[in-house]
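# Coordinates in review
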2 protein chains.
Amino acid sequence: MYRIGELAQLCEVRTDTLRFYEKHGLLSPSSRTDSGYRIYTEADAERLRFILRAKAVGFTLAEIAELLSIELDKSNWACADVKGLVDDKLANVEAKIAELNHFQLSLQRLSQACCGGPESAEHCSILEALESSTENIRCENHSHTHDDAQFTKTCQDKSAVKNTQEK
Amino acid sequence: MYRIGELAQLCEVRTDTLRFYEKHGLLSPSSRTDSGYRIYTEADAERLRFILRAKAVGFTLAEIAELLSIELDKSNWACADVKGLVDDKLANVEAKIAELNHFQLSLQRLSQACCGGPESAEHCSILEALESSTENIRCENHSHTHDDAQFTKTCQDKSAVKNTQEK
DNA sequence: CTTGACCTTGGATACAACTCCAAGGTTTAT
DNA sequence: ATAAACCTTGGAGTTGTATCCAAGGTCAAG
Ligand SMILES: [Zn+2]
Ligand SMILES: [Zn+2]
Ligand SMILES: [Zn+2]
Ligand SMILES: [Zn+2]
């Protein structure tokens, strides 16, 4: 049995957040003291942990409420309904993953095209790619190193670069 | 050269959104007509497309601004700076993917434990898992099918797991 | 009995990222 | 020359997800 502050501390949220979740039907304390203090059980804490886990991965509170609300009303749902809901969310998550994978690839391509060296970014492949937004990114040939053949290392040549400078 | 409405239609955003992006330094029209109408170039359109792609995958406008702002100021950045920024975002994306993969797994486990049939969800494994929030999910043994041994097909028959909590 | 930590409620505020509105100016087509 | 369809600005409203605040009630310790 926890009072609101205890549960909040336990799960690292604010008491305000717990009241907010209550107001929105996500988590209500199992009881109250005579004086009106909220009393949460361990089951409430578990429910909160589920909410937090779901939230951490990008579910909206509305989606979480939908997931949780079925439980209040079990007998009016079939396994098919429940599983369908979970599968919907699953598809949702998978779509998000696909989206992120796509962008990951873009970022990797950008990253690979850049030498990461201390040279001025005036001819940086990353910036050029952002400007032109073409699909194929041109690797730097380091003509921007105003220097000699000493610097004709290319993209794949990830030579020692530890120069962390301020701007 | 596009007027605001044309660019909006082209990229499927509202004119309001374009003005909003302008106000927040993400995308300004390259020029104005004498009467004050915004005029966007193809380069502006490309920039907008980048913004939209980045947004679609979860970057905040602030992050996008950060990415784009470097370009205004190329010569004050080194390749190392630019690449570092991209790599930060990349790490960010990868972390998000990992998070989503984790939740994907949870959802898959939930989904697998449920028969998905027309039976009442009163003993649905998914709901039980949500309630108890235990790590290991018990598969349905279909005792809820008010029926005979005909329905003793199981997920993989790990119905030995017992109920542990309740304080 | 007073103090300080905790709790209650309702309402205000914040931030992101729009979205809509009002009042008026511009362009184009008939 | 008038209407329709565009554009301008500034500002208000919306949704989701909280946070903060004020005024006051509760509780255990000294
Ligand atoms: Zn370089
Ligand atoms: Zn570079
Ligand atoms: Zn079932
Ligand atoms: Zn089920």
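## Section: the overall build of chain A
When its secondary structure is counted, chain A shows six helices and two strands. The order of α-helices and β-strands along chain A, N terminus first, is α-α-β-β-α-α-α-α. Taking all 167 residues of chain A together, the buried fraction comes to 41%. Taking contacts inside chain A between residues at least 6 apart in sequence as the whole, the part at least 24 apart equals 44%. When the accessible area of chain A is evaluated, it comes to approximately 9400 Å², of which 49% is carbon and sulfur surface.

## A look at the packing of helix α4 (residues 61–69) of chain A against helix α5 (residues 79–113) of chain A
All names here are of chain A. Contact geometry for α4 and α5: axes closest at 10 Å, N-to-C directions at 155°. With respect to α5, the element α4 is oriented roughly antiparallel. The interaxial crossing formed by α4 with α5 has left-handed handedness. Of the residues in α5, those touching α4 at Glu63, Glu66 and Leu67 are Leu85, Val86, Lys89 and Asn92. Of the residues assigned to the contact of α4 with α5, the class counts are three nonpolar, one polar and three charged.

## A look at the coordination of the zinc ion (ligand 4)
Here the zinc ion (ligand 4) is held by A:Cys79 (SG), B:Cys114 (SG), B:Cys124 (SG) and B:Glu140 (OE), and the distances to it run 2.0 to 2.4 Å. A separation of 3.5 Å is found between the zinc ion (ligand 4) and the zinc ion (ligand 3), which share A:Cys79 as a coordinating residue. One end of the pair, A:Cys79, is in helix α5; the other, B:Cys114, is in the loop between α5 (79–113) and α6 (125–132), on a second chain. As far as the burial class goes, A:Cys79 and B:Cys114 line up, both buried.

## Some details on the environment of A:Val86
Relative to the assigned elements, A:Val86 resides in helix α5. Put simply, A:Val86 and A:Leu67 are 19 residues apart on the chain and 7.9 Å apart in space, counted from C-alpha to C-alpha. Among all residues touching A:Val86, those that are not within four sequence positions of it are A:Leu67, B:Leu107, B:Leu110, B:Ser111 and B:Ile126.

## Considerations on the interface of chain B and chain A
Facing the 57 residues of chain B at the interface are 59 residues of chain A. If one sorts the elements of the side of chain B that touches chain A by residue count, α5(B) sits on top with 22 residues. In the side of chain B that touches chain A, the residues fall into 28 nonpolar, twelve polar and 17 charged.

Calculation criteria
- Residues numbered from 1 in each chain as written.
- Chains lettered and ligands numbered in written order.
- Predicted model: local features only at pLDDT ≥ 70, side-chain atom pairs only at ≥ 80, totals over all residues.
- Heavy atoms only, no water.
- Helix = DSSP H or I, 4+ residues; strand = E, 2+ residues; numbered from the N terminus.
- Buried < 20%, exposed > 50% of the residue type's maximum accessible area, 1.4 Å probe, protein only.
- Contact = heavy atoms within 4.5 Å.
- Areas by Shrake-Rupley, 256 points an atom, 1.4 Å probe, with all protein chains shown as cover.
- Axes fitted to C-alpha atoms, helices over the stretch in contact; angles between N-to-C directions.
- Parallel < 35°, antiparallel > 145°, perpendicular 65-115°, else oblique.
- Left-handed = near helix turned anticlockwise from the far one by under 90°.
- Nonpolar A, V, L, I, M, F, W, Y, C, P; charged D, E, K, R; others polar.
- Donors = N, O, S within 2.8 Å, 3.2 Å for Na, K, Ca; no water.

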